[in-house]
Amino acid sequence: MPVHGENFQEGGDVPFDVLPVIITGIVIAMFVAIAFLALGQVVALVYTVRGRSQADSLLTCKTESQQEPTGPDNTSAGAPSQDDEAAVEGAAADDQSAESTRYLERLLNEGHERAEGDACSICDLLIELPMDKHAMTKVCCMKRMCNGCELAARRGGLRGCPFCRTPTPRDDASALAMIQKRVGKGNAAAINNLAGQYYKGYLGLTKDVTRAVELWTEAAELGSLGAHHQLGIAYYTGEGVKQDKTRGIRHWQVAAMKGHVFSRNNLGVVENIINKNCELAVQHWMISVKMGDEKSLDDIKKMFVEGHATKAQYAEALRGYQDAIEKMKSPNREEARRLVM
């Protein structure tokens, strides 16, 4: 084995053995080959992963493109499921129930004051009920005069209409002509009046309920509360028309919300007898009794006796009725009442 000098320095002319160098080269070459092989596998793996990712991406897009479009709540926008239909029906029922509740609130909150046409055109006081008993409607001008003002006019020497001074018609034909003249001008009160003449067969007219209903319909469209009331009776009973109780009640509701007393009382009757809703019936009658309706007072009294109304409710109804009657009194009316009696 060669001996290197003690002062051997790298790069000198000191002789060396070739075999170790060869072995070292072989080892290095092996390491390089292994490194290149490993690098190739890594590169192949990277390309494989990228290829799979792209393939998965393409597959996903294709699948999504084949799906049905969805709504904002991520539910299918295609045909609704049974649950969807049930939800829609439930929502519709809730809306209808809410609408009915709001309408009932309106029905009970409106119409607490009598209509303007219920007052005498001369003294401007509300007329006692029933108005046909305590007042007259003048066919010349369709104004309503209380018996007290009529009496005062007669005592003052006036022989014509206290309001428009038109002479009193001599016969039925003259009265009918006056009514028809105003009907031709679209006067709601005159049309309602003519309907009543056909219904009863007055003023020389042949009784014709069908014609009366036609005229009441026209008058109601023009705002006549009396016409709404009569149509309510006609449709509820089926007189002159095909019976339609719901339609009849609706006419009463329209009139009641505008202060028609008898329509309000009829709604109470329907709730009590037909719907068996005593509480709601009393609520309707409590409104009409405070407008001076004696029948509503009797109805509440009966409910009290039968245990369907409280003592406090009956006492309130009695006070309300008495207050309403007191406001409708006048010396002339009291005098006319005594003369009639």
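Computed from a prediction, not measured in an experiment: that's the story for all the values here.

1. Quick notes on the environment of Ile 287
Part 1 of the reasoning: Along the chain, the position of Ile 287 falls in helix H11 (residues 278-289).
Part 2 of the reasoning: Linking Ile 287 and Val 261, residues 26 residues apart in sequence, is a C-alpha distance of 8.5 Å.
Part 3 of the reasoning: Aside from chain neighbours lying at most four places away, what touches Ile 287 is Leu 108, Gly 111, His 112 and Arg 264.

2. Re helix H13 (residues 311-327)
Part 1 of the reasoning: For H13, which comprises 17 residues, the first-to-last C-alpha distance of 25 Å matches the rise-based estimate of 24 Å (1.5 Å per residue) to within 8%.
Part 2 of the reasoning: Every buried residue belonging to H13 is among Tyr 314, Ala 317, Gly 320, Tyr 321, Ala 324 and Ile 325, and all of these are buried. Buried residues along H13 cover an arc of 130 degrees about the axis, so they all sit on one side. The outward face of H13, more than 90 degrees from its buried face, is lined by the exposed residues Lys 311, Ala 312, Arg 319, Glu 326 and Lys 327.
Part 3 of the reasoning: Among the structural elements, H11 and helix H12 (294-305) are those in contact with the buried residues of H13.

3. What about the side chain of Asn 193?
Part 1 of the reasoning: Here Asn 193 shows up in helix H6 (residues 188-200).
Part 2 of the reasoning: Discounting chain neighbours no more than four positions away, the residues touching Asn 193 are Thr 137, Met 142 and Ile 179.

4. A look at the packing of aromatic side chains
Part 1 of the reasoning: Considering all chains together, one arrives at three aromatic pairs under this definition.
Part 2 of the reasoning: Residues Tyr 236 and Trp 252 carry aromatic rings whose centres are separated by 5.3 Å and whose planes lie at 35 degrees to one another, so their mutual orientation is tilted. Linking Tyr 236 in helix H8 (residues 225-237) with Trp 252 in helix H9 (residues 245-256), this pair joins segments that are 16 residues apart in sequence.
Part 3 of the reasoning: Of the residues examined, Tyr 236 reaches a relative accessible area of 15% and is grouped as buried.
Part 4 of the reasoning: Taking the relative accessible area as the measure of exposure, Trp 252 reaches 5% and is therefore buried.

5. Details of the pattern of salt bridges
Part 1 of the reasoning: Under the definition given, this model contains twelve salt bridges.
Part 2 of the reasoning: A salt bridge links Arg 337 to Glu 128; the shortest N-O distance between them is 2.5 Å. Highlighted residues: Arg 337 in helix H14 (residues 331-340) and Glu 128 in the loop between helix H2 (82-109) and helix H3 (131-134), separated in sequence by 209 residues.
Part 3 of the reasoning: Arg 337 sits in the partly exposed class, given a relative accessible area of 28%.

6. Points about the nonpolar core
Part 1 of the reasoning: Ile 179, Leu 194, Val 213 and Trp 216 are the most contacted members of the largest nonpolar core, which totals 25 residues.
Part 2 of the reasoning: With seven residues, helix H7 (residues 209-221) is the largest single contributor of residues to this core.
Part 3 of the reasoning: Residues Val 282, Tyr 314, Ala 317 and Tyr 321 belong to the second largest nonpolar core, which totals 16 residues.

7. Remarks on the packing of helix H10 (residues 261-274) against H12
Part 1 of the reasoning: Taken N-terminus to C-terminus, the directions of H10 and H12 make an angle of 25 degrees; their axes are 10 Å apart at the nearest point. Classified by the angle between their axes, H10 and H12 sit roughly parallel to one another. Regarding H10 and H12, the two cross each other, and that crossing is left-handed. Counted together, Asn 265, Val 269 and Asn 272 of H10 and Lys 295, Ser 296, Asp 299 and Met 303 of H12 form the full contact between these two elements.
Part 2 of the reasoning: For the contact of H10 with H12, a count of residues per class yields two nonpolar, three polar and two charged.

8. Remarks on unusual backbone geometry
Part 1 of the reasoning: Cis rather than trans, the peptide bond between Leu 129 and Pro 130 has omega equal to -5 degrees.
Part 2 of the reasoning: Locating Pro 130 in the fold gives a position in the loop between H2 and H3.
Part 3 of the reasoning: Look at Asp 124: it is not a glycine, yet its phi comes out positive at around 65 degrees.
Part 4 of the reasoning: Among the secondary structure elements, Asp 124 is positioned in the loop between H2 and H3.
Part 5 of the reasoning: Overall, Asp 124 belongs to the exposed group, its relative accessible area being 60%.
Part 6 of the reasoning: Even without being glycine, Lys 276 reaches a positive phi, approximately 55 degrees.
Part 7 of the reasoning: Positionally, Lys 276 belongs in the loop between H10 and H11.

Conventions we followed
- Going along each chain's sequence as written, the residues are numbered from 1 onward.
- In keeping with the predicted nature of the model, local features appear solely for residues at pLDDT of at least 70, side-chain atom pairs appear and are counted solely at 80 or more, and the whole-chain, interface and lining totals rest on all residues.
- Side-chain measures were taken over the full set of non-hydrogen atoms in the model, leaving aside hydrogen atoms and water.
- Helix and strand labels come from DSSP, where a helix needs a run of H or I of at least four residues and a strand needs a run of E of at least two; each type is numbered from the N terminus.
- Whether two residues are in contact is decided by their heavy atoms: any pair within 4.5 Å suffices.
- For a helix, the expected span equals 1.5 Å multiplied by the residue count minus one.
- In this scheme, a residue with accessible area under 20% of its type's maximum is buried, one over 50% is exposed, and one in between is partly exposed, where area comes from a 1.4 Å probe on protein chains only.
- Summarising the geometry, the arc corresponds to the directions from the helix axis toward the C-beta atoms.
- Each aromatic pair joins two rings of Phe, Tyr and Trp (for Trp, the six-membered one) with centres within 6.5 Å, and gets the label stacked for planes under 30 degrees apart, edge-to-face for over 60, and tilted for any other angle.
- Each reported salt bridge corresponds to a side-chain nitrogen of Lys or Arg within 4 Å of a carboxyl oxygen of Asp or Glu.
- Among the buried residues, those of types Ala, Val, Leu, Ile, Met, Phe, Trp, Tyr and Cys that are joined through side-chain atoms within 4.5 Å form a nonpolar core.
- With axes taken as lines fitted to C-alpha atoms, and helix axes fitted only over the stretch in contact, angles between N-to-C directions fall between 0 and 180 degrees.
- To sort the angles, those under 35 degrees are grouped as roughly parallel, those over 145 as roughly antiparallel, those from 65 to 115 as roughly perpendicular, and the leftovers as oblique.
- Whether a crossing is left-handed or right-handed is set by the direction in which the near helix is turned from the far one by less than a right angle, anticlockwise for left-handed and clockwise for right-handed.
- Residue type decides the class: Asp, Glu, Lys and Arg count as charged, Ala, Val, Leu, Ile, Met, Phe, Trp, Tyr, Cys and Pro as nonpolar, and the leftover types, Gly among them, as polar.

Just distances and angles here, no functional claims.
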